[in-house]
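# Observations on the three-dimensional arrangement
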Amino acid sequence: MSQSKIWLSSPHMGGREQEYVKEAFDTNWVAPLGPNVNGFEQDISDYLKGDVHTAALSSGTAALHLGLILLGVQAGDEVICQSMTFSASANPIAYQGATPVFVDSEADTWNMSPYHLEKAIIDRLEKGKKPKAIIPVHLYGMPVKMNEIMVIAQKYDIPVLEDAAEALGSHIDGKMCGTYGEMAALSFNGNKIITTSGGGALVSGNAKYIHDARFLATQARDAAPHYQHSHIGYNYRMSNICAGIGRGQMEVLADRVAQRRAIYDQYVQRMSGIPGVSFQLEPEGYFSNRWLTTILIDPKETGGITRETLRLELEKDNIESRPLWKPMHLQPVFSNSPYYGDDTSVELFNNGLCLPSGSNLASEDLERVFSIIESVFSKEYAAH
Ligand SMILES: *Cc1c(COP(=O)(O)O)cnc(C)c1O
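Described below are features of the structure shown in this document. Quick caveat, the model's predicted, so the values are computed rather than measured. (Residues numbered from 1 in each chain as written. Predicted model: local features only at pLDDT ≥ 70, side-chain atom pairs only at ≥ 80, totals over all residues. Heavy atoms only, no water.)

## What to know about the overall build of the chain
Along the chain, the regular secondary structure elements total 13 helices and 15 strands. The C-alpha radius of gyration computed for the chain amounts to 21 Å, which stays within 12% of the reference 21 Å derived for 384 residues, consistent with globular compactness. Oriented by its inertia axes, the alpha-carbon framework of the chain measures out at about 75 × 60 × 35 Å. Out of the 384 residues belonging to the chain, those deemed buried represent 58%. The contacts of the chain with a sequence gap of at least 6 include a subset with a gap of at least 24, amounting to 73%. Taken as a whole, the chain presents about 16,100 Å² of accessible surface, with 51% of it coming from carbon and sulfur. Side-chain charges of the chain comprise 32 positive and 45 negative groups, with the mean position of each set lying 3 Å from the other. (Helix = DSSP H or I, 4+ residues; strand = E, 2+ residues; numbered from the N terminus. Rg over C-alpha atoms; globule rule 2.2 N^0.38 Å. Buried < 20%, exposed > 50% of the residue type's maximum accessible area, 1.4 Å probe, protein only. Contact = heavy atoms within 4.5 Å. Areas by Shrake-Rupley, 256 points an atom, 1.4 Å probe, with all protein chains shown as cover. Lys, Arg positive; Asp, Glu negative; His and termini not counted. Charge placed at Lys NZ, Arg CZ, Asp CG, Glu CD.)

## Regarding helix 9 (residues 253-271)
Helix length check: helix 9, at 19 residues, gives a terminal C-alpha distance of 27 Å against a target of 27 Å (1.5 Å per residue), a fit within 8%. Burial in helix 9 covers these residues: Leu253, Arg256, Val257, Arg260, Ile263, Tyr264, Tyr267 and Met271. Projection of helix 9 onto a plane perpendicular to its axis shows the buried side chains occupying an angular sector of 125°, all on one side. Opposite the buried face of helix 9, at more than 90 degrees from it, the exposed residues are Ala254 and Gln269. (Expected span 1.5 Å × (residues − 1). Arc of directions from axis to C-beta.)

## What about the site of the ligand?
Neighbouring the ligand are 15 residues; Thr61, Asp163, Glu166, Ser187 and Lys192 lie closest to it. Here an oxygen atom of the ligand and a side-chain polar atom of serine 187 are 2.7 Å apart. One of the backbone N or O atoms of glycine 199 is found 3.5 Å from an oxygen atom in the ligand. Looking at the shell around the ligand residue by residue, the classes come out as 4 nonpolar, 8 polar and 3 charged. (Near = heavy atom within 4 Å. Polar contact = N/O pair within 3.5 Å; in protein donor to acceptor, adjacent residues only side chain to side chain. Nonpolar A, V, L, I, M, F, W, Y, C, P; charged D, E, K, R; others polar.)

## With respect to the environment of alanine 164
Relative to the helices and strands, alanine 164 resides in the loop between strand 5 (161-163) and strand 6 (171-172). C-alpha separation for the pair alanine 164 and isoleucine 135, spaced 29 residues apart in sequence, amounts to 9.9 Å. Here alanine 164 is in contact with His138, Gly178, Ala185 and Leu186, once residues within four sequence places are set aside.

## Description of the pairing of strand 2 (residues 78-82)
For strand 2, a buried count of 5 out of 5 residues is recorded, marking the element as mostly surrounded by other parts of the structure. Because side chains alternate across strand 2, one face comprises the buried residues Glu78, Ile80 and Gln82, and the other comprises Val79 and Cys81, equally buried. Direction of pairing for strand 2 relative to strand 3 (residues 99-103): parallel, over a ladder of 5 bridges. Across the sheet, isoleucine 80 pairs through a bridge with valine 101, a residue of strand 3. Judged from the 3 bridges that link them, strand 2 and strand 4 (residues 133-135) form a sheet pairing that is parallel. Bridged to cysteine 81 within strand 4 is isoleucine 135. (Pairing = 2+ DSSP bridges.)

## Looking at the pattern of salt bridges
Scanning the entire structure with this criterion turns up 22 salt bridges. Across the pair glutamate 78 and arginine 124 runs a salt bridge whose closest N-O atoms are separated by 2.8 Å. Here arginine 124 lies in helix 5 (residues 114-126) and glutamate 78 lies in strand 2, a separation of 46 residues in the sequence. The residues glutamate 78 and arginine 124 share a single accessibility class, namely buried. Salt bridges sharing partners connect three or more residues here, namely Arg307, Glu308, Arg311 and Glu315. (Salt bridge = Lys/Arg side-chain N within 4 Å of Asp/Glu carboxyl O.)

## A look at the sheet that holds strand 12 (residues 293-297)
Spatially, the 4 strands line up as an open sheet ordered 10-12-15-13, and their pairing is antiparallel. The outermost strands of the open sheet, each flanked by one partner alone, are strand 10 (277-279) and strand 13 (322-323). In this sheet, strand 15 (residues 352-355) lies alongside strand 13 in antiparallel orientation, the contact comprising 2 bridges. Note that in strand 15 the partner of arginine 322 across the bridge is cysteine 354. Against the sheet, helix 9 touches strand 10, strand 12 and strand 15, its axis set at about 155° to strand 10. Packed onto the sheet, helix 10 (residues 307-316) meets strand 12, strand 13 and strand 15 and runs at close to 25° relative to strand 15. (Axes fitted to C-alpha atoms, helices over the stretch in contact; angles between N-to-C directions.)

## Let's talk about the pairing of strand 9 (residues 200-204)
In terms of burial, strand 9 is largely enclosed, as 5 of its 5 residues are buried. The two faces of strand 9 match: Gly200, Leu202 and Ser204 on one face and Ala201 and Val203 on the other face are all buried. Across 5 bridges, the pairing between strand 1 (residues 53-57) and strand 9 is antiparallel. Paired with threonine 54 across the strands is valine 203, a residue of strand 9. Pairing geometry for strand 8 (residues 183-187) and strand 9, over 4 bridges, is antiparallel. Along strand 9, the bridge assignment pairs leucine 186 with alanine 201.

## Considerations on the nonpolar core
With 68 residues, the main nonpolar core has Ile44, Leu66, Phe188 and Leu202 as its most contacted residues. The element best represented in this core is helix 3 (residues 60-70), accounting for 7 residues. Other than its neighbours up to four places away in sequence, isoleucine 44 contacts Thr54, Leu186, Phe188, Ala201, Val203 and Met250. If you look at the next biggest cluster of nonpolar residues, it comprises 25 residues, including Ile295, Ile305, Ile319 and Phe377. (Core = buried A, V, L, I, M, F, W, Y, C linked by side-chain atoms within 4.5 Å.)

Written out as structure tokens, the structure is:
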């Protein structure tokens, strides 16, 4: 393969990251605490607006895990989770010895269906167990129907832990993803819209949760001159080096959102004429950071061309694309978990593809992607 690799989404530094990291070296704050950690937390809180508190952590998965612990999730409990998502949304439920109850997606946002959420809650209550938490996931940056989800959550008095790992910068009518629920998890893994190489954060309007998250994330050390413990702790804090990268990345987050959205617009322009291809559209008032551009390919309208046809042709040219998340209720590891839905998520998984969307894609790279797409959907390809 002679062509250079085009990734789905790769790290894109802004320029000032190394200055913050150098400052950490110069002052010897090479530890899981320090001025960059404090500064990064403040930057995130400011960005999310409102009265938000932030704990910078080692990963988004750690944030979800601590969120569940703080909500009191224990062995034998049930936690409702969006089925179509990355396994990291559901794994922390299992870490606690609890059972995930999966809820299907709806067709507008591809995220948690409010209708099936309420059905699931009613049925679990009838079976004698009240779910301890609800985890909706803003996939690919598209906000979940949070206003509808929150009404249901409040009606049944169940706390919401948002998985906003893919949605930093997304909002509904100006209210940021990550500020709807009791708490939210963010991720700064290498492929996310901004990165700290690896990292995450727990955010909440409730300062007590964030205080307790920092305590649990640093081995739950009681106030004493010796090491004294009354709780099981974790080593989940973000390092001051990684937080330095994060501070530099926060300076360019607004640009990254604009760049990702511009890439999405280019795909729409170039592919809008292709019958059978559709996009993840923003409902009225919804704003997606467009972390990844995702399409649906309906083989009934494309003369048999499927998402796999396109994925394999892109792969031949050393271009990475990927099917949408395989729903958790189809995953062998969760085969014993309850599921509520009409398999909208299965249809999305069968027909959906994520396209290269990195904010650092050169226009030549995008042209390479477009030319493969155009050839796959050309009459000549269909005839061969
Ligand atoms: C990336 C991601 C996570 C996990 O974040 P890490 O920082 O990789 O642990 C969780 N949920 C979703 C939806 C993600 O995309």
